[in-house]
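# Summary of the model geometry
Each chain, written out:
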Amino acid sequence: MTDMHVEAVAGIVDRVVARYRRDPTCMVQILREVQEACDWIPPEAIDRMQVTLGVPRTKIEGVAGFYSFFYTQPRGKYRILFSDNITDRMQGNLALMERLCNNLWIEPGKVSEDGLVSVDKTSCTGMCDQGPAMLVNNRAVTRLTAARIDEIAELVRNKTSLAEWPADYFKVEDNIRKPDIMLSSQMQPGDALRAARERVPSDGLMSSNMRSWREGLPSGLGGPAAMLDEIKRANLRGRGGAGFTTGLKWEACRNAPLKAGHQRFVVCNADEGEPGTFKDRVLLTSYADLVFEGMTVAAYVIGARRGFLYLRGEYRHLLEPLNAVLERRRKENLLGPNIIGIPGGDFDIEIHLGAGAYICGEESALIESLEGKRGTPRNRPPFPVTNGYLDQPTIVNNVETFAAASLIALNGGEWYAAIGTKHSAGTKILSVSGDCERPGLYEYPFGVSIRQVLEDCGASDTQAVQVSGPSGFCVAPDEFDRTIGFEDIPTAGAFTIFNNTRDMFEVARNYVHFFQHESCGFCTPCRVGTSLLKNLMDKLHNGCGSPYDFAEIEKLNQLLQSMSHCGLGHTACNPVLDTIAKFRPAYEKHMVQQDFAPAFDLDRALAAARQMTGRDDAAAHIIKEEFGEDA
Amino acid sequence: MSQTFTLDGKSIPFEDGQTIMQAATKAGVFIPHLCYHPEFKPHGSCKLCTVKANGRQTASCTMRAMAGMVVESETEEINAERRALTQMLFVEGNHFCPSCEKSGHCQLQATAYHLGMMSPHFDHFFPNRAVDASHPEVLLDFNRCILCSLCVRASRDVDGKNVFALSGRGIKTHLIVNAKSGKLSDTDFSLADKAAQVCPVGVILTKRKGFAVPIGERSYDKQPIGETVEGR
Ligand SMILES: Cc1cc2nc3c(=O)[nH]c(=O)nc-3n(C[C@H](O)[C@H](O)[C@H](O)COP(=O)(O)O)c2cc1C
Ligand code: SF4
Ligand code: SF4
Ligand code: FES
């Protein structure tokens, strides 16, 4: 569709822009839908958006240029992206990608000469339990095999439309292996809300004021404050990684003063970008009511009328099913005006899709993205609870946090607090993948040991577990009795297992490439530092590493920790430092040089010349020994 | 009497809403900075102005001053990290100072001198960035862009034009101009714009005005950047 007529493009843009009420805050959604219709975002589309949205071209191009999934150059009718998490690597994604490229006669990263197809890599797509995986025009394809790759090449060559590809390709399994209170919940839609409404203020913990759903709710309704007390009593802490106390966050938002015309917002963070994490995908596939109901409970508590679900672009396949759930809930009076008959109890939820940017999981970057901007983390303070979406009070919570809020509304805070450990109440869902027999979701009360999880999922000969993804912790066998929880090893959910055949240096290198690719580029230390770190790891990989490079890595870590603007930069060196500390031999293998050696390698630099001349004989190589240097 | 905080042991008065940077500048204390400019909304991206406030590193251009705050700035530890940041900026772009018209007036160069940067230390990235010479009066040499966004803010907030913006992500972040062709000559940019004056380095340069002031007599040759605080 690259040669579409200007009028046709304008027609598409007009339709999309009108559906989003000509609202520039919906820029990311508008760009996505335009691309879905045009296969890319042609300059003519930007011309038209400039007019119909009334925003400068620089703004549109600035946004379009930020997100990996937006293309301002043609990328073909079939845009294939291989998930490149370490688990995909372990399952052989690179060989499969090469196979597909050979099959289609194209180079990775480039568009085929006939403009039909492009093949490239992308960060973890959240299918680690059923990889290797890819995205075709943002639709997830799982369980790739050589045979499936050959079939796909055939389908592409024959220009078969995606709708006619075998449905089995797009099948995404839940793989629930060990349910506990959340994954075995039988909650009927509306139950938690009705329970919240029935709650009456009790003595003891008493919320600081009696503000109800909306400022205008009939007085005497104690539900919202009482519900907040239950959340506090439950000792619920955020499941997105940082573990902030949910009750305090909700209370701060509830108490934040409202300027004229302002309102409060509930945002559910379903960006789930941390490599190795996929539990939010399953919660939204099979427990969407639990999540939406939790958001509605939160709205009831803080007095919000609008909510957003920020769904990562990789989970595009969930958009229609989730919209159907929202529609059903509206029909059931669980969303919309006067929810379950509460006068003034108005709340509705919109879904915004991301477009391939891990940083948009960071809550202030997420809010920027929701506002239709580049996903750059904001300067804080102020925090979202007072100055969030459109500068108005906003809570951002993880998918699992909201699901837990539903359970608490239903069963009470005391019930919840009794599960787990003293400082880590309730359960945690782990996304288990890597070297084990049964990858999938495992829900445990907090306090479970690493060893227990390994046993349950059928892992053997385990060398290491990466808990909470690249920004988390790498745990070695002598630490397998350590436990999951805020007291010991906190986690956002990833649990990636490596057996003794794996090279932990390459694991760390894959993670470093991830951070480099996902740095938003806003601040100097992370923008440049992650690239320097990547270059150092590649240097080690290429056999040019020396102790000097270790010292450099340590120095970069120090700098990124102290100078970076957000959590991404702060944690970008974690995987390297952890593996250096615990798997030193894996590095020593790569530390070929005793003294400093330059990263530049003349022989490698001549590869392009060899390719161009079609030579690969001995005389076309530089042999280092000839120079009498390193032997 | 207004409220105060201490900066390297010195008591600094401030008014409500002022940042550490604003208060320090007012009091005549220099804190290195590149993306901060007193006339614009702080951006907080270069991180050169990082200080330790009550033991925690933070950008002083965005952090509000608070009564009793203890701020450290001129410590060997912090300056070493700032120096590393200038080195990063040097290797990220292509900065050949001897052939740059901005040499001597350049804030990056002056800050690097101020911090005692003796070499770029890291391997150069040598990015491939085209020069935009399309405009009759102004040359854009993107090789030197440090992504401070001052031109973006000046064009948007003062000129009301949105000539500049940042696009791309991560290490591929780059400056774009407001034209379908991507050329400055196709925008409404003019030499009279505020945006034409704010670039701290040598990206936005006036054409046909080379070496009007000889090297050795330029702004930072005469007065090192550390002595350029307005408040004194
Ligand atoms: C780089 C970065 C990525 C993040 N990604 C996510 C994410 O994908 N999902 C999430 O829930 N939280 C993510 N967070 C944490 C959020 O900023 C925020 O703390 C969280 O959504 C709050 O929800 P909770 O209190 O329920 O955990 C991320 C943080 C950083 C710094
Ligand atoms: S630390 Fe990295 S991701 Fe965070 S703001 Fe800075 S560049 Fe962006
Ligand atoms: S052109 Fe100059 S002012 Fe604009 S972002 Fe680059 S360095 Fe900053
Ligand atoms: S001057 Fe403060 S971050 Fe750039």
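Since the model is a prediction, treat every value here as computed from it, not as a measurement.

What counts, and where the lines are drawn
Residues numbered from 1 in each chain as written. Chains lettered and ligands numbered in written order. Predicted model: local features only at pLDDT ≥ 70, side-chain atom pairs only at ≥ 80, totals over all residues. Heavy atoms only, no water. Near = heavy atom within 4 Å. Nonpolar A, V, L, I, M, F, W, Y, C, P; charged D, E, K, R; others polar. Contact = heavy atoms within 4.5 Å. Buried area = accessible area lost by both parts, 1.4 Å probe. Salt bridge = Lys/Arg side-chain N within 4 Å of Asp/Glu carboxyl O. Polar contact = N/O pair within 3.5 Å; in protein donor to acceptor, adjacent residues only side chain to side chain. Domains from an automatic or database assignment. Helix = DSSP H or I, 4+ residues; strand = E, 2+ residues; numbered from the N terminus. Buried < 20%, exposed > 50% of the residue type's maximum accessible area, 1.4 Å probe, protein only. Pairing = 2+ DSSP bridges. Axes fitted to C-alpha atoms, helices over the stretch in contact; angles between N-to-C directions. Phe/Tyr/Trp six-rings, centres within 6.5 Å; stacked < 30°, edge-to-face > 60°. Lys NZ or Arg CZ within 6 Å of the ring centre and 35° of its normal.

### A few points about the site of ligand 3
Close to ligand 3 lie Cys-145, Ile-146, Leu-147, Cys-148, Ser-149, Cys-151, Leu-175, Cys-199, Pro-200, Val-201 and Val-203 of chain B. In terms of residue class, the shell around ligand 3 is made up of ten nonpolar, one polar and no charged.

### Topic: the interface of chain A and chain B
The interface is formed by 44 residues belonging to chain A together with 39 residues belonging to chain B. Each partner contributes to the roughly 3200 Å² buried at the junction of chain A and chain B, and carbon and sulfur atoms together form 58% of this total. Considering only the side of chain A, the residues that lose the most area to chain B are Thr-58, Arg-527 and Met-563 of chain A, jointly responsible for 21% of the buried surface there. Linking chain A to chain B there are three salt bridges. Two residues, Glu-92 of chain B and Arg-527 of chain A, come together in a salt bridge whose shortest N-O distance is 2.6 Å. Our enumeration of links across chain A and chain B arrives at 22 residue pairs in polar contact (both at pLDDT 80 or more).

### A closer look at the domain arrangement of chain B
Residue and element names in this part refer to chain B. Here chain B is partitioned into domain 1 (4–74) and domain 2 (83–211). Computed over C-alpha atoms, the centres of domain 1 and domain 2 are 25 Å apart. Listed per partner, the contact involves 16 residues of domain 1 and 19 residues of domain 2. When the two sides are added together, the surface that domain 1 and domain 2 hide from each other amounts to roughly 1300 Å², 68% of it contributed by carbon and sulfur. Counting the surface domain 1 buries against domain 2, the share from its top three residues, Leu-34, Phe-40 and Leu-48, is 48%. Counting across the domain 1 and domain 2 interface gives one salt bridge. A salt bridge links Glu-39 to Lys-194, with the shortest nitrogen-to-oxygen separation between them at 2.8 Å.

### Remarks on the side chain of His-590 of chain A
Within the secondary structure layout, His-590 of chain A lies in the loop between helix H24 (584–588) and helix H25 (602–605). If near-sequence neighbours (up to four positions away) are discounted, His-590 of chain A is found in contact with Asp-503, Phe-505, Glu-506, Leu-540, His-541, Gly-543 and Gly-545 of chain A.

### Considering the pairing of strand E12 (residues 462–467) of chain A
The side chains of a regular strand alternate, first on one face of the sheet and then on the other. Residue and element names in this part refer to chain A. Among the six residues in E12, six count as buried, and that is most of the element. In this sheet, strand E14 (residues 494–499) lies alongside E12 in antiparallel orientation, the contact comprising five bridges. The residue of E14 that forms the bridge with Val-465 is Ile-497. Strand direction decides the pairing type here: E12 and strand E13 (residues 473–475), joined by three bridges, are antiparallel.

### Considerations on the site of ligand 2
For ligand 2, the set of nearby residues contains 13 residues, the closest of which are Cys-520, Cys-523, Cys-526, Cys-566 and Gly-569 of chain A. Grouping the amino acids of the shell around ligand 2 by side-chain chemistry returns eight nonpolar, five polar and no charged.

### Side note on the sheet that holds strand E1 (residues 3–7) of chain B
Residue and element names in this part refer to chain B. As summarised here, the arrangement of the five strands in space is E2-E1-E5-E3-E4, forming an open sheet in which the pairing is mixed. The open sheet terminates on both sides in strands that have one partner only, identified here as strand E2 (10–14) and strand E4 (56–59). Ignoring which end each strand starts from, the neighbouring axes of this sheet average 35° apart. Sheet topology places E1 next to strand E5 (residues 70–72); two bridges connect them, and they run parallel. Its bridge partner lying in E5, Thr-6 is registered against Val-70. Across the sheet, helix H2 (residues 76–92) is in contact with strand E3 (50–53), E4 and E5; its angle to E3 comes to roughly 150°.

### Points about the packing of aromatic side chains
Enumeration according to the criterion identifies 18 aromatic pairs over all chains in this entry. When the centroid spacing of 5.8 Å and the interplanar angle of 55° are considered together, the rings of Phe-5 of chain B and Phe-14 of chain B count as tilted. By the burial criterion, Phe-5 of chain B is buried, and Phe-14 of chain B matches it. The ring of Tyr-315 of chain A is capped by Arg-312 of chain A, whose NZ or CZ atom sits 5.3 Å from the centre of that ring. One residue, Arg-169 of chain B, lies across the ring of Phe-66 of chain A, its end atom 5.8 Å from the ring centre.

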